[in-house]
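# Close look at the chain arrangement
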Amino acid sequence: MLCAVLAGACTAAPSSAPVAHRRAGPPLGDRGPARTLHVVHSVDRVEVGETIQLSALVFEPSGESAPVPVTWSLSDPELGTLTDTGRLTPLEAGRVTVTATAPHAVGAVGLEFVRSPVRRVEVDARKLRLGVGERTVLHATVQGPEGIVLHGRQERWSTLDGDVIGVRTDGTVTARAEGRTSVEVRVEGRVARVEVEVVRRATTDRVDDRRGQQVHVVYAVPRDGADRVLDLSGELERSLGSMQAWLSRQTGGRVLRLDTYRGEVDVTFVRLTRKDAGVGHEGRRVYLRIRGMLAQMGLRDSNKIYAVYYDGSSVKDCGRGGGGLAIAFLHGIAIDGRSCSFGRFAPSATSPAGYMEFLILHEILHAAGFVDEDAPHANDQHHVTGPSTDIMFNGPGAWYPSALDPGHDDYFGENVPDGVRNLADSPYLVRARA
Ligand SMILES: [Zn+2]
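Residues numbered from 1 in each chain as written. Predicted model: local features only at pLDDT ≥ 70, side-chain atom pairs only at ≥ 80, totals over all residues.

Let's shift gears to helix H3 (residues 235–251). Its 17 residues place the ends of H3 24 Å apart at the C-alpha level, agreeing with the 24 Å of an ideal helix rising 1.5 Å per residue. Turning to H3, its buried residues number three or more, namely Leu-236, Ser-239, Leu-240, Gly-241, Ser-242, Met-243, Gln-244, Trp-246, Leu-247 and Gln-250. Just downstream of H3 lies Gly-252, where phi reads positive at about 70°. (Helix = DSSP H or I, 4+ residues; strand = E, 2+ residues; numbered from the N terminus. Expected span 1.5 Å × (residues − 1). Buried ≥ 20, exposed ≤ 12 C-beta atoms within 10 Å, placed from the backbone.)

Time to look at helix H6 (residues 355–367). In a regular helix each residue adds 1.5 Å, so 13 residues correspond to 18 Å; H6 covers 18 Å between its end C-alpha atoms and thus fits that length. With 12 of 13 residues buried, H6 lies mostly within the body of the structure. When we look at burial in H6, the residues that qualify are Met-356, Glu-357, Phe-358, Leu-359, Ile-360, Leu-361, His-362, Glu-363, Ile-364, Leu-365, His-366 and Ala-367. Among the structural elements, strand S21 (214–221), H3, strand S22 (254–256), strand S26 (304–315), strand S27 (319–322) and strand S28 (325–333) are those in contact with the buried residues of H6. Looking one or two residues past H6, Gly-369 carries a phi angle of roughly 95°, positive in sign. (Contact = placed C-beta atoms within 7 Å.)

Strands sit in the order S11-S14-S15 across an open sheet of 3 strands; the sheet is antiparallel. Taken across any chain shown, the strands that pair with only one partner, and hence form the sheet edges, are strand S11 (120–123) and strand S15 (149–150). Where S11 and strand S14 (residues 140–143) come together, 4 bridges link them in antiparallel fashion. Note that in S14 the partner of Val-123 across the bridge is Ala-140. (Pairing = 2+ DSSP bridges.)

So, on to the pairing of strand S19 (residues 179–187). One ladder, built from 4 bridges, connects strand S16 (residues 156–159) with S19; its direction is antiparallel. Note on S19: the bridge partner recorded for Arg-156 is Arg-186. When S19 meets strand S20 (residues 190–199), the two strands line up antiparallel, connected through 9 bridges. Residue pairing in the sheet places Gly-179 in a bridge with Val-198 of S20. In this antiparallel pair of consecutive strands, S19 and S20, the connection spans 2 residues, and Glu-188 shows a positive phi of 45°.

Within the fold, Leu-423 resides in the loop between H6 and strand S29 (429–431). Sequence spacing of Leu-423 and Val-371 is 52 residues, and the spatial spacing of their C-alpha atoms is 9.3 Å. What Leu-423 contacts, discounting residues up to four positions off in sequence, is Phe-370, Tyr-411, Phe-412 and Leu-429.

This next bit is on the nonpolar core. With 62 residues, the main nonpolar core has Val-218, Ala-220, Ala-307, Val-308, Ile-327, Ala-328 and Ile-364 as its most contacted residues. Counting only elements with at least two residues in this core, the list comes to S21, H3, S22, strand S25 (267–271), helix H5 (283–296), S26, S28 and H6. No other element matches the 8 residues that H6 contributes to this core. Apart from residues no more than four positions distant in its own chain, Ile-364 is found in contact with Val-215, Leu-256, Ile-305, Ala-307, Gly-321 and Ala-326. (Core = buried A, V, L, I, M, F, W, Y, C linked by C-beta atoms within 7 Å.)

By the alternation rule, side chains of strand S18 (residues 172–175) split into Val-173 and Ala-175, which are all buried, and Thr-172 and Thr-174, of which none is buried. Relative to S18, strand S13 (residues 135–137) is paired through 3 bridges, and the arrangement is antiparallel. If you follow Val-137 over to S18, its bridge partner there is Thr-172. Relative to S18, strand S17 (residues 165–167) is paired through 3 bridges, and the arrangement is antiparallel. Counterpart to Ile-165 in the pairing with S18 is Ala-175.

Attention now goes to the sheet that holds S27. Read across the sheet, 5 strands follow the order S25-S21-S26-S28-S27 without closing on themselves; strand pairing throughout is mixed. Both outer strands of the open sheet, S25 and S27, are each paired with one neighbouring strand and no more. For this sheet, the mean inter-axis angle between neighbouring strands, taken without regard to orientation, is 20°. As paired elements, S27 and S28 share 4 bridges and run antiparallel to each other. (Axes fitted to C-alpha atoms, helices over the stretch in contact; angles between N-to-C directions.)

Spelled out as structure tokens, the structure:
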């Protein structure tokens, strides 16, 4: 009879979970017969700092489950915490007994609390590039044997140069001054290190690495716009790298001549003096306003094409280019009503070029005067009328940019008629450095 009761009870418990069971003492007279209580636990060994959920199954002598309240206790409360609902968190290594008590039933289980040695510490970044004043939070992952993740271990964060960055006990890093240093996190003898570079944001066009005609990149935010720090995050550089790689394949190794400062793309950050609404929402107006504001800030070198990523809105346009200025509207609405931000930046310089890369290149080519109105397939808006894969296409139907003048007869290449502007002869195009 006892076996039958236990078998029935055991079937009711989750099959994969070990169960511990103990009959309560003999029936206590008019307080009713003894019930059976099973403590359900998923593991026998619990890592210090982890939390597991225990549960109790109580059965009547008949085998039916008994919906009765359960209370929990831990044999050695110094070794861990156990809540009223059975959540168990070990604090120190050792052996404990967890007891669950219900009316006319008690059950217990022996558990081992273990503290695995730390084998490895990792941080969610290898390198960090911050602007002066910027702040970010680093997270450490602590691993034990066989890669198990350990929780609740004390992390000691520090930096080699407190003048350059400050670091708090929770991994918050604040950039204080220009320079390079590293942040370390130490957990029980294991260390992870992150290289940190703090750069001063460029708000001017810095000294050019090379003279002459070139494309200067600007990240512009309206007065009331959110600053996504795209000039420092590397996103624009990666996107431009992807665009250049595509262009190089199309041109047999030639790329846009980008303005660089000490070997890296010189991106100027501009906080515009007008709010987004004041800049305007119609593409042409946005273009004129931005041109005016850039000129006021000294960004008006006639040898340069300014390629502006505008972190503001527009309607019916995702970009606009002409007269030495190319703009991508990062919160624009396309003519078909879709958001222009459906095009995300290429995640790395080796990723295939996508919408955002083709968009800025399209506008830069407009800014350089392409497509010449006298080109065989040009319309009066400096576009080609086909095919729709041409990056300078604009016409009825969708744009599927994937080729630079595929016939080499409109704006790039050997078949462009004499007297028609040819990108192959443009000073803005240079041979990519190996
Ligand atoms: Zn266009």
